[in-house]
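Summary of structural features
The residues making up each chain are set out below.
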Amino acid sequence: MDVGWVYTIQESMHAYAANVYTSVTEELSKAKDRRFIAVEQEFFRLWWDTVATDSHKRQVRQLVKEGRLEFIIGGQVMHDEAVTDLDDEILQMTEGHGFLYETFGVRPQFSWHVDPFGASATTPVLFALAGFNAHLISRIDYDLKDAMQKDKKLQFVWRGSPSLKEKQQIFTHTMDQFSYCTPSHLSFSNSSGFYWNGVALFPDPPKDGVYPNMSLPVTKETVNAYAKTMVDNIKQRAAWFRTNHVLWPWGCDKQFYNSSVQFNNMDPLMKYINENSKDLGVMVQYATLGEYFQAVYQSDLVWEQRGSEDFLPYSTEPHQAWTGFYASRNVLKGVAQRASSKLHAAETLFTRYRISFPDGPVAKDWALDKLRALRWAVSEVQHHDGITGTESPKVSDMYLQHLTQGMMGVEELLAALFLLPHCLVLPSILDGSYRRKGVHQALEQHIIVYNPLAWNITTIINVTVNFSNAAVFDDDGQPVPAQIQRSARSNSTHNLFIVVKLGGLQHRKYLIKFSEKKCSGRSKCVRTYRARGVSFERRNVRDWLRTGRRLLPVLNECYKLMFDQDTNLLHSITYLEDKRRVRMTQDFWEYHANGEVKKGPISDNYIFSANGSAVRAYKAVEMEIVPGKIVTEIRQYFYREESDQDYAYSITTRVPECFGSRVRCHRLEQTYTLGPLLLNTEVVLRTSSSLNNNKTLYTDDNGYQMMKRTHRKFTNNTVARNYFPMVRAAYIQDDLTRLVLVSDRAHGVSSQSNGQLEVMLHRRLWNDLTWNLGYNLTLNDSSVVRPTLWMTLGSVGATSKLYQREAIELQHRPVVMPIDQPQRPWQEKKPRASSPVPPVVLPPNLHLLSLSIPGWNYSSSHDVHLSHVHSGTDLHSEPDYDRVLLRIMHLFEEGEDPELSKPVTVNLKEVLRGVGEVKVLEERSLTGTWDVSSLQRWKWKTEDNLETKNKKCQSCGDEAFTVTISPKEIRTFFVHFASRNF
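What counts and what doesn't
- Residues numbered from 1 in each chain as written.
- Predicted model: local features only at pLDDT ≥ 70, side-chain atom pairs only at ≥ 80, totals over all residues.
- Heavy atoms only, no water.
- Helix = DSSP H or I, 4+ residues; strand = E, 2+ residues; numbered from the N terminus.
- Rg over C-alpha atoms; globule rule 2.2 N^0.38 Å.
- Buried < 20%, exposed > 50% of the residue type's maximum accessible area, 1.4 Å probe, protein only.
- Contact = heavy atoms within 4.5 Å.
- Lys, Arg positive; Asp, Glu negative; His and termini not counted.
- Charge placed at Lys NZ, Arg CZ, Asp CG, Glu CD.
- Domains from an automatic or database assignment.
- Disulfide = S-S within 2.5 Å.
- pLDDT = per-residue confidence, 0-100.
- Patch = residues over 30% accessible without salt bridge, like charges linked within 9 Å, V, L, I, M, F, W, Y side chains within 5 Å.
- Areas by Shrake-Rupley, 256 points an atom, 1.4 Å probe, with all protein chains shown as cover.
- Salt bridge = Lys/Arg side-chain N within 4 Å of Asp/Glu carboxyl O.
- UniProt positions renumbered as here; feature names shortened; annotations may be inferred.
- Pairing = 2+ DSSP bridges.
- Core = buried A, V, L, I, M, F, W, Y, C linked by side-chain atoms within 4.5 Å.
- Axes fitted to C-alpha atoms, helices over the stretch in contact; angles between N-to-C directions.
- Parallel < 35°, antiparallel > 145°, perpendicular 65-115°, else oblique.
- Nonpolar A, V, L, I, M, F, W, Y, C, P; charged D, E, K, R; others polar.
- Phe/Tyr/Trp six-rings, centres within 6.5 Å; stacked < 30°, edge-to-face > 60°.
- Lys NZ or Arg CZ within 6 Å of the ring centre and 35° of its normal.
- Left-handed = near helix turned anticlockwise from the far one by under 90°.
- Expected span 1.5 Å × (residues − 1).

**Side note on the overall build of the chain**
From N to C terminus, the chain includes 18 helices and 43 strands. Taking 982 residues into account, the globule formula puts the C-alpha radius of gyration at 30 Å, and the chain, at 30 Å, falls close to it. Taken along the three principal axes of its C-alpha coordinates, the chain extends 100 × 75 × 60 Å. Across the 982 residues of the chain, 61% fall into the buried class. Expressed as a percentage of contacts within the chain between residues at least 6 apart in sequence, the contacts between residues at least 24 apart total 76%. Within the chain, the 110 negative side-chain charges are centred at a point lying 6 Å from the centre of the 114 positive side-chain charges.

**Concerning the domain arrangement of the chain**
Per the domain assignment, the segments of the chain are domain 1 (186–239 + 249–283), domain 2 (329–423), domain 3 (440–530 + 800–841) and domain 4 (534–690 + 755–786). A C-alpha centroid distance of 54 Å is found between domain 1 and domain 4.

**Re the state of the cysteines**
This structure, assessed with the given rule, holds 2 disulfides. Here Cys181 connects covalently by a disulfide to Cys252, the sulfurs 2.0 Å from one another. Because the sign of the S-S torsion sets the handedness, a value of about 60 degrees for the bond joining Cys181 and Cys252 places this disulfide among the right-handed ones. Linking Cys181 in the loop between strand 5 (170–174) and helix 7 (223–238) with Cys252 in the loop between helix 7 and helix 8 (259–275), this pair joins segments that are 71 residues apart in sequence. A relative accessible area of 16% places Cys181 in the buried class. With a relative accessible area of 30%, Cys252 lands in the partly exposed category.

**Some points on the confidence of the model for the chain**
In the predicted model, the chain carries a mean pLDDT of 93, and 94% of its residues have values of at least 70. Ignoring residues within four places in sequence, the model shows residues 422–439, a span with pLDDT below 50, making 31 contacts including any to other chains.

**Points about a nonpolar patch on the surface**
Residues Leu679, Trp766 and Leu773 make up a contiguous nonpolar surface patch of about 270 Å² in total accessible area. As for its placement among the helices and strands, Leu773 is situated in helix 15 (residues 770–775). A relative accessible area of 40% places Leu773 in the partly exposed class.

**Section: helix 5 (residues 122–129)**
Taking burial as the measure, the 8 residues of helix 5 include 8 buried ones, the bulk of the element. Just downstream of helix 5 lies Gly131, where phi reads positive at about 95 degrees.

**Focus on the UniProt feature "domain: Glycoside hydrolase family 38 central" (unreviewed entry) in the chain**
Here, the residues flagged by UniProt with the feature "domain: Glycoside hydrolase family 38 central" (unreviewed entry) are residues 320–403. What you have in residues 320–403 is 65% helix and 2% strand, and the ends, taken at the C-alpha atoms, are 32 Å apart.

**Remarks on the sheet that holds strand 3 (residues 134–137)**
Read from one edge of the open sheet, 4 strands run 3-5-4-7, paired in mixed fashion. Two strands in the sheet have a free side with no partner beyond their single neighbour: strand 3 and strand 7 (305–306). Sheet analysis places strand 3 next to strand 5, joined by 4 bridges and oriented parallel. Following the sheet pairing, Leu136 is matched in strand 5 by His173.

**Details of the nonpolar core**
Ranked by size, the top nonpolar core spans 177 residues in total, and within it Trp112, Leu269 and Ile970 carry the most contacts. For Leu269, the residues in contact, after removing those within four places along its chain, are Phe194, Trp196, Val218, Val223, Tyr226, Ala227, Met230 and Trp250. Core analysis: the next-biggest nonpolar cluster, separate from the first, contains 49 residues, Phe536, Leu570, Leu685 and Leu789 among them.

**Remarks on the environment of Glu669**
Following the sequence through the fold, Glu669 ends up in strand 26 (residues 668–674). Apart from the residues lying within four places of it in its own chain, the contact partners of Glu669 are Thr652, Thr653, Arg654, Leu789 and Trp790.

**Side note on the environment of Gln76**
With respect to the secondary-structure elements, Gln76 resides in the loop between strand 2 (69–71) and helix 4 (86–104). Taking the C-alpha atoms as reference points, Gln76 and Glu11, 65 residues apart in sequence, are found 18 Å from one another. Beyond its immediate sequence surroundings of up to four residues, Gln76 is in contact with Val3, Glu40, Gln41, Glu42, Arg45, Gln92, Glu95, Gly96, Trp376 and Ser379.

**Focus on the sheet that holds strand 37 (residues 846–852)**
The strand order across the open sheet built from 4 strands is 37-38-43-40, with neighbouring strands paired in antiparallel fashion. Strands with a single pairing partner mark the edges of an open sheet, and in this sheet they are strand 37 and strand 40 (918–924). Here the strands of the sheet are splayed against their neighbours by 25 degrees on average, with no regard to which way each runs. By the bridge criterion, 6 bridges tie strand 38 (residues 884–890) to strand 43 (residues 970–977) in an arrangement that is antiparallel. Following the sheet pairing, Leu886 is matched in strand 43 by Phe973. Helix-sheet contacts for helix 4 involve strand 37, strand 38 and strand 43, and the interaxial angle to strand 38 is about 150 degrees. The sheet strands contacting helix 11 (residues 330–356) are strand 37, strand 38 and strand 43, and the helix crosses strand 37 at an angle near 65 degrees.

**Overview of the pattern of salt bridges**
Within this structure, the stated rule accounts for 59 salt bridges. The partner of Arg329 in a salt bridge is Glu391, with the nearest N and O atoms 2.9 Å apart. Separated by 62 residues along the polypeptide, Arg329 in the loop between strand 9 (320–321) and helix 11 and Glu391 in the loop between helix 12 (364–380) and helix 13 (393–419) bring together distant segments of the chain. Comparing Arg329 with Glu391 shows no difference in burial state: the two are buried.

**Details of unusual backbone geometry**
Going from Leu312 to Pro313, the amide bond is cis rather than trans, its omega being -5 degrees. Topologically, Pro313 is positioned in the loop between strand 7 and strand 8 (315–317). Cis geometry marks the peptide bond from Gly675 to Pro676, where omega comes out at -5 degrees. The phi torsion at Trp5 lies on the positive side, around 80 degrees, for a residue other than glycine. Tracing the sequence through the fold places Trp5 in the segment before helix 1 (9–28). Note on Trp5: relative accessible area 10%, which makes it buried.

**Thoughts on the packing of helix 7 against helix 8**
Two elements in contact, helix 7 and helix 8, have axes separated by 10 Å at closest approach and are oriented at 75 degrees. The orientation of helix 7 relative to helix 8 falls into the category roughly perpendicular. Residue-level contacts link Val223, Asn224, Tyr226, Ala227, Met230 and Val231 of helix 7 to Pro268, Leu269, Tyr272 and Ile273 of helix 8. For the contact of helix 7 with helix 8, a count of residues per class yields 9 nonpolar, 1 polar and no charged.

**Some points on the packing of aromatic side chains**
Applying the stated rule across the entire model yields 65 aromatic pairs. One aromatic cluster is present, formed by Trp5, Phe117, Tyr314, Trp322, Phe325, Tyr326, Tyr606, Trp771 and Tyr775 through successive ring pairs. Its end group placed over the ring of Trp589, Arg686 keeps NZ or CZ at 4.6 Å from the ring centre.

**Here we look at the packing of helix 11 against helix 13**
With their axes 9 Å apart at the nearest point, helix 11 and helix 13 run at an angle of 30 degrees to one another. The angle between helix 11 and helix 13 places the two elements in the roughly parallel class. The handedness of the crossing between helix 11 and helix 13 is left-handed. Every residue of helix 13 that contacts helix 11 at Leu332, Val335, Ala336, Arg338, Ala339, Lys342, Ala346, Leu349, Phe350 and Tyr353 is listed here: Ser396, Tyr399, Leu400, Leu403, Met407, Val410, Glu411, Leu414, Leu417 and Phe418. When its residues are assigned to classes, the contact of helix 11 with helix 13 shows 16 nonpolar, 1 polar and 3 charged.

**Quick word on the pairing of strand 26**
With 5 of its 7 residues buried, strand 26 lies for the most part within the structure. In terms of strand pairing, strand 26 meets strand 35 (residues 788–795) through 4 bridges, oriented antiparallel. Residue pairing in the sheet places Thr671 in a bridge with Thr788 of strand 35.

**Points about helix 8**
For helix 8, with 17 residues, the first-to-last C-alpha span of 24 Å sits near the 24 Å given by 1.5 Å per residue. Every buried residue of helix 8 is listed here: Ser259, Gln262, Phe263, Asn265, Met266, Leu269, Met270 and Ile273. If you follow the buried residues of helix 8, they end up packed against helix 1, helix 7 and helix 9 (277–280).

As structure tokens, then:
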């Protein structure tokens, strides 16, 4: 059941989703052999909380206990696999699993990833870490699926991580060519085939229960025809698999909302087949997915193993490469990522607050409600028709509304956490402050800056202000280096760049003093540099006859960038450490899409179908350079036509200039503006370099691991089939040098020529395909988008130390929160001697993936929790505010770096000392529902006979808090801190 797509959640709940659970619960209770598998928890939880009666709830508990209703995947949604980040995949699974385990004491052990558009190698690793015994996929390249079918290779043991290898391998079943639906076109029943309940009706279900297109019922007259069709299909499928057990999925999208009709036709049909099994050669039974995998496991075969290759991109036929959605609805992708980052910051801050101020003024239930609302919204949008951008406009609006409402709630929470306990000296009528009369005083504003990462950082933040002069002071009253300049293309606002130094999970208050007048030499803004821009005249592309004669250098400690005054484009970058100069230009190109079906292949929300090569998207370029002491900014404006007044695209590049400070000089921050686009154009940022990469590209799978993408030639559609998803990072390299881009949201990326890296940033499409028009899926996206990429150039060794951390630092930039409006200062108070909270700092190769208070309330002992669930007492439990969920990830692959790829041993009691005193540490499965010492995953036999290793919890005696984390491991713990009584 799609959590979104064409219809909103509310529309789907009303039209069919609630009826699925109501009617299936009733029907399963009528006959012991009936079974059902349920996937997305968002719909189930909405039904459970708002629709289900007490009687329904009792029935569900019994069905779950008997194993006849089985929850599979168990996440809030069936997440997309191409454009989602592992943080969010883990979040949405943890939310669903927490609910299921608290409520029923069950832990999903099988996946059902039948609908995401391609399969990532990260997904099987995460499912293995969550305790799953088998994984199921369906949408992979049509030609590859054909070959696997013929060779009976649709089932294999997948080792998704090259570093974790067999430790986290998982048996994987690929659906055959019929995918996850029952055949629906039968010659003798030209309605809906094996779906007797017909087609779901929107907006309202029919009052008489008669739905459109209901198939002929199973009767004495029709049963033989149904049975023959079903048996023939089963035998056809059986030929593609190695065991004599065939998985025959009975259902599809939006089915079983009228399940009495469905079961009352399935029962007699199955009975007929079994009564005639000698003649038909087939026995059939209702089964859960778990029962099917149990049968395959018990067949005791030896399975082929697959390495860490993924199944991306995905094509359904020669001209249908599903690579367009990597860039569809750029705004939604950006908001989803921003919401995720804000949630991470709020979770860490609330956890610290809760341990430091258990009885503090921020009400814990109010805080958890705010966090849960944003967890729900961020989980929901991970659906494979959500963050993908493949939904209708009203559903996209629904996701955006839920995300922005959730973020507003969490911003209220952040403000409360920053301000309430820490007794900030803020203007207050109560403390007798008064305004001094007559003295001209500058306006003042306070901001709080929070570092949500467990690393110490020195970085540059950008605050937009309405004044042209400002001085910045830290919470000790010391002046802070800053730079102020006019914002690009604005006469009223200015950018104030401030150098901030923050410990891990630390926040600081900064004071900004504004003045209308320029600063005199001896005044307080000596540390603030006023930067002014230099403009270069517009250059027309047709005049680029002789270029490269008038080059302008921009230097910092890492690079010399050269800009060409004849073109106003970047010309080259020299990496100063090894003096290698790389020729490089960056500009915008566009693919023109066909919108008329009769003229050939089309592009849409899902599909990218390049109608020829990309063409230059502009005819003239202007440039402005703003030299500075904190950053130098290069602003380039691209005009569609030579005479246009308004630019179509822009690149703003910020080069850090903080010589001698700890600001990273290798980080070239770029922000782009694009849009509104012309209809049926797909626009790429093309970076062309002298690197000899042979069109080979590396892109990340869900921010977890990098995949080598070798350019392949196809008879048709070579451009589109060489596009790949980039969630956090992509790079090209030759023997000496690597060019890395890290991103603040997902994009499509490709290397179409030697030395080229192109990123698809925006698409606007319309076509006349009836199906697209009927569902309003044409992607006429007229928005203006402002994505950010950070670029790094350097030796392969130097960049491999940096790029993963860079990607995380872009994802989790410091949270900047103004806590008042610019106003006249109140009575001068002496700056408080600040005592910032102690930092929480991990080694550079470990990342604090999660530090949160989930709130789910269940015993760490499975037996104790089960006895509670089955006791029949009222199970409505209060949230658990004392259990902290901690996840730590090793960022490096084996062998990637001589030092940073080593296993790291840390004492978590020491690491977390800044948060509080750790009393108890329990190691858990990825989503927290298993104690790892009791987690025994199935051991599938493989050709090389390496077994799944069950790691025991490493905690004994004095070393109870010492943990060794190996390359690419994600380790999950429950932590209990000593209570603080003030």
